[in-house]
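Coordinate inspection notes
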Amino acid sequence: MIKIVKEKKEKYLIEKTISIILMAELVCSIISNMFNIHSNVNITILAIEMLLLVIYLFTKKTKFSVSLNLEKTIFLFFIFILYAITIYKFGLSHYNLVYFCFYFIIPFFVASHDVKCEKILFYCMIISLLSIPVFEKLFTAEFYGLEQMSMGNAYALCVPVVAGILHFTYYFNKKYIFLYLFELYILIRLLTFGNRGVLLEILLPIILVRFSLYDRSNQKRKLTLNYIIKCSIVSLMFLLVVLNLNTIIKIMYDFFNNVLNINIVSLKKATILLENDDLSNGRLKIYSYAIDLIKNKPLLGYGIRSFGVITSESWPHNIFIQLIFEGGLVLGLFPIILFVKNIIFIIRQNDDKNAFITHLFLLLMVIPRFLFSSDIWLIPYVWLFFGYSLRNNKFKN
């Protein structure tokens, strides 16, 4: 585990680095739209991260040491073995060392120690202000039949929005009113022009913070009868929504489109998919095909980012299926067990507000996005979550 003793004069360099990693997608999109260039995104952001790390590691006010606990050692061993097998099978060009450093090594080790979550949330909101000069371009329709914006831009803008929700809830500061209002404006635009995954990624933190371990006054919630009843009602409502999802989507679409005359892109797309009897937009077929392939090679899997080589799809669109497909039961199951264990740890953790909110924020970057959409090796959020979760060995049995 990386242990770092910091002083105030360091000005939260690690927190800034984590914020840049989280905001890398948006920064690259801003640069691309601002200067109308399509430079190598990975090299650009990697250079920024390396610069921050060099400054951090060589500052005279930093004491740097590295130690590994058992879970972290096993986890790293499995991932590096998986990468070695991938290189052996497909060659270094398939997923080169620059990608591996950018998306896994740097995020994992940067997040592998205690940080001040309030600063990370604040820096994410500050970085989002860079989007102002090209704000409308970020919402340019990618699917013109639906007027849906780019999914990449939508998910990238979700990061500061979720950061704003958590900061407003747990660290409210009157000085940051403009930032809160800006993130609220982005939220409204995302709800209108974003995809369905973005809708879930925005609604999930709003629901979770309402029933989390800490209330608005930053006091630990007590398991009172009233609190248990509220949680039970919300759980029941969620179940009813799931069981009647098709009907609810149609009702909501008719209400917004016909009554309020507001076009919600995600609802429109869902309605079209329902008419074609495929609300998953082909994902269930991908999952089924991936599972069939896993049955053919269940132990060691096929290697990192191998799904796009074997099939016509780029990746399985589900973090758990992807880990088992690529690493098999031998190399892929352990990260999944750790992931579930970390979620349980977040739920049970009640003695450290900062750690709880940091865990929650990083988890919200992973779920729901990586349950339905993105590739875990092309977005660093999953490995930030693992790095922070495995930073010490304080799991409670």
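Residues numbered from 1 in each chain as written. Predicted model: local features only at pLDDT ≥ 70, side-chain atom pairs only at ≥ 80, totals over all residues. Heavy atoms only, no water.

**A word on helix 9 (residues 177–193)**
Taking 1.5 Å per residue, 17 residues should reach 24 Å; helix 9 reaches 24 Å between its end C-alpha atoms and fits that length. All buried positions along helix 9 are accounted for by Leu-179, Tyr-180, Phe-182, Glu-183, Ile-186, Leu-187, Arg-189, Leu-190 and Thr-192. (Helix = DSSP H or I, 4+ residues; strand = E, 2+ residues; numbered from the N terminus. Expected span 1.5 Å × (residues − 1). Buried < 20%, exposed > 50% of the residue type's maximum accessible area, 1.4 Å probe, protein only.)

**Digging into the environment of Glu-15**
Relative to the helices and strands, Glu-15 is located in helix 1 (residues 13–22). Residues Glu-15 and Leu-121, 106 residues apart in the sequence, show an inter-C-alpha distance of 9.1 Å.

**Thoughts on a nonpolar patch on the surface**
Taken together, Phe-168, Phe-172, Ile-177, Leu-181, Leu-184 and Ile-188 make up a surface patch of nonpolar side chains, about 510 Å² in accessible area. In terms of residue count, the dominant contributor to the nonpolar patch is helix 9 (four residues). Of note, Ile-177 is situated in helix 9. (Patch = residues over 30% accessible without salt bridge, like charges linked within 9 Å, V, L, I, M, F, W, Y side chains within 5 Å. Areas by Shrake-Rupley, 256 points an atom, 1.4 Å probe, with all protein chains shown as cover. Salt bridge = Lys/Arg side-chain N within 4 Å of Asp/Glu carboxyl O.)

**Let's talk about the confidence of the model for the protein**
Low pLDDT marks regions whose predicted coordinates should not be analysed in detail. Put simply, the protein has an average pLDDT of 78, and 69% of its residues get 70 or more. Element-level mean pLDDT values for the protein span from 45 in strand 1 (residues 2–5) up to 95 in helix 6 (residues 117–128). Ignoring residues within four places in sequence, the model shows residues 1–9, a span with pLDDT below 50, making 35 contacts including any to other chains. Between residues 393–397, whose pLDDT stays under 50, and residues either more than four places distant or in other chains, the model counts 14 contacts. (pLDDT = per-residue confidence, 0-100. Contact = heavy atoms within 4.5 Å.)

**A word on the pattern of salt bridges**
Counted according to the given criterion, the structure contains four salt bridges. Put simply, Arg-369 and Glu-25 hold a salt bridge, and the shortest N to O gap is 2.8 Å. With Arg-369 in helix 18 (residues 369–372) and Glu-25 in helix 2 (residues 24–35), this residue pair connects regions lying 344 residues apart in the sequence. By relative accessible area, Glu-25 is classed as partly exposed at 24%. Notably, a salt bridge pairs Arg-189 with Glu-136, separated by 3.1 Å at the nearest N-O pair.

**Observations regarding the nonpolar core**
In terms of nonpolar packing, the biggest core is built from 102 residues, with Leu-22, Phe-75, Phe-104, Leu-190, Phe-361, Trp-377 and Trp-383 touching the most fellow members. No other element matches helix 8 (residues 151–170), which puts twelve residues into this core. Beyond its immediate sequence surroundings of up to four residues, Trp-383 is in contact with Phe-75, Ile-79, Tyr-103, Phe-104, Pro-107, Phe-108, Leu-323, Ile-376 and Trp-377. (Core = buried A, V, L, I, M, F, W, Y, C linked by side-chain atoms within 4.5 Å.)

**Points about the packing of aromatic side chains**
Scanning all chains against the criterion turns up 37 aromatic pairs. On the basis of an interplanar angle of 50 degrees and a centroid distance of 6.0 Å, the ring pair of Phe-77 and Phe-78 is categorised as tilted. Using a relative accessible area of 18% as the deciding quantity, one classes Phe-78 as buried. Seen in terms of ring centroids, Tyr-83 and Tyr-95 are 6.3 Å apart; in terms of plane orientation they differ by 75 degrees. Their pairing is edge-to-face. (Phe/Tyr/Trp six-rings, centres within 6.5 Å; stacked < 30°, edge-to-face > 60°.)

**Structural notes on the packing of helix 6 against helix 17 (residues 353–366)**
The geometry of helix 6 relative to helix 17 is characterised by a closest axis approach of 9 Å and an angle of 40 degrees between their N-to-C directions. Our classification of the angle between helix 6 and helix 17 gives oblique. Each of Cys-117, Glu-118, Ile-120, Leu-121 and Cys-124 in helix 6 lies in contact with helix 17, whose residues at this interface are Asn-354, Ile-357, Thr-358 and Phe-361. Taken together, the residues of the contact of helix 6 with helix 17 break down into six nonpolar, two polar and one charged. (Axes fitted to C-alpha atoms, helices over the stretch in contact; angles between N-to-C directions. Parallel < 35°, antiparallel > 145°, perpendicular 65-115°, else oblique. Nonpolar A, V, L, I, M, F, W, Y, C, P; charged D, E, K, R; others polar.)

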